[in-house]
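# What the coordinates show
Listed below, chain by chain, are the residues.
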Amino acid sequence: MIEVEIFPHRYLKASTTEKFLNKIYDLKTVERVVIHGQSLPKVITYGPARGLPVNHTERKIINVKGVPVELTVMVGRFWITLSDDSELDKLDAICKEMFPFGYNLRVGKFLKDRPTVTDYIKYGEDGVFLINEMDRRLIGMVDSRSRMANSVTVVEKEEEKEE
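Residues numbered from 1 in each chain as written. Predicted model: local features only at pLDDT ≥ 70, side-chain atom pairs only at ≥ 80, totals over all residues. Heavy atoms only, no water.

### Let's talk about the environment of Val75
- Topologically, Val75 is positioned in strand 5 (residues 73–82).
- A C-alpha to C-alpha distance of 8.0 Å links Val75 and Ala14, two positions 61 residues apart in sequence.
- Once residues lying within four places of it in the same chain are set aside, the contact partners of Val75 are Arg10, Tyr11, Leu12, Thr17, Ile35 and His36. (Helix = DSSP H or I, 4+ residues; strand = E, 2+ residues; numbered from the N terminus. Contact = heavy atoms within 4.5 Å.)

### As for the side chain of Glu87
- By the secondary structure assignment, Glu87 is in the loop between strand 5 and helix 2 (88–98).
- Take Glu87: its relative accessible area is 9%, and that puts it in the buried class.
- Only 3.0 Å separates the side chain of Glu87 from the backbone nitrogen of Lys28, close enough to count as a polar contact.
- Excluding its chain neighbours within four sequence positions, the residues that come into contact with Glu87 are Leu27, Lys28 and Thr29. (Buried < 20%, exposed > 50% of the residue type's maximum accessible area, 1.4 Å probe, protein only. Polar contact = N/O pair within 3.5 Å; in protein donor to acceptor, adjacent residues only side chain to side chain.)

### Details of helix 2
- What helix 2 keeps buried is the set Leu88, Leu91, Ile94, Cys95 and Met98. Angular distribution of buried residues about the axis of helix 2 spans 120°; they occupy a single face of the element. Opposite the buried face of helix 2, by more than 90 degrees, sit the exposed residues Asp89, Lys96 and Glu97.
- Looking at the packing, one finds that the buried side of helix 2 touches strand 1 (2–8), helix 1 (14–24), strand 5 and strand 6 (103–108). (Arc of directions from axis to C-beta.)

In structure tokens:
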């Protein structure tokens, strides 16, 4: 497995993020994509306007391969797990097309591959054991203060049919 960080030189709009995600999910080697960026809360959490709604234009629901994904961050970077490096050039070509303003693409280690203390707090020991057995992509993907349904969306890849 290989991990790639894509760091666009600007925050991305929801429409650009949607197009980019749909293009990279067409690649066969993509296993996991993590979106990172500045939080876009639904309500103001502190100050004199506490509790009032935040009407940010980029907090939208985008459609990734038919799965609705709510953007809760201003997209600033992607961490992508690939099964091998055979499509790294295709990924770079997609980035050149989608990010004419520039981007950085690095290969390295960016995501957790073993359960963290936060995983044990959120799921318990039995839950972490189940995640290890069923879907290791969920390791390290949880915020202990959030509900999993609010912070993780699973986009299943289509299996190619052999004829």
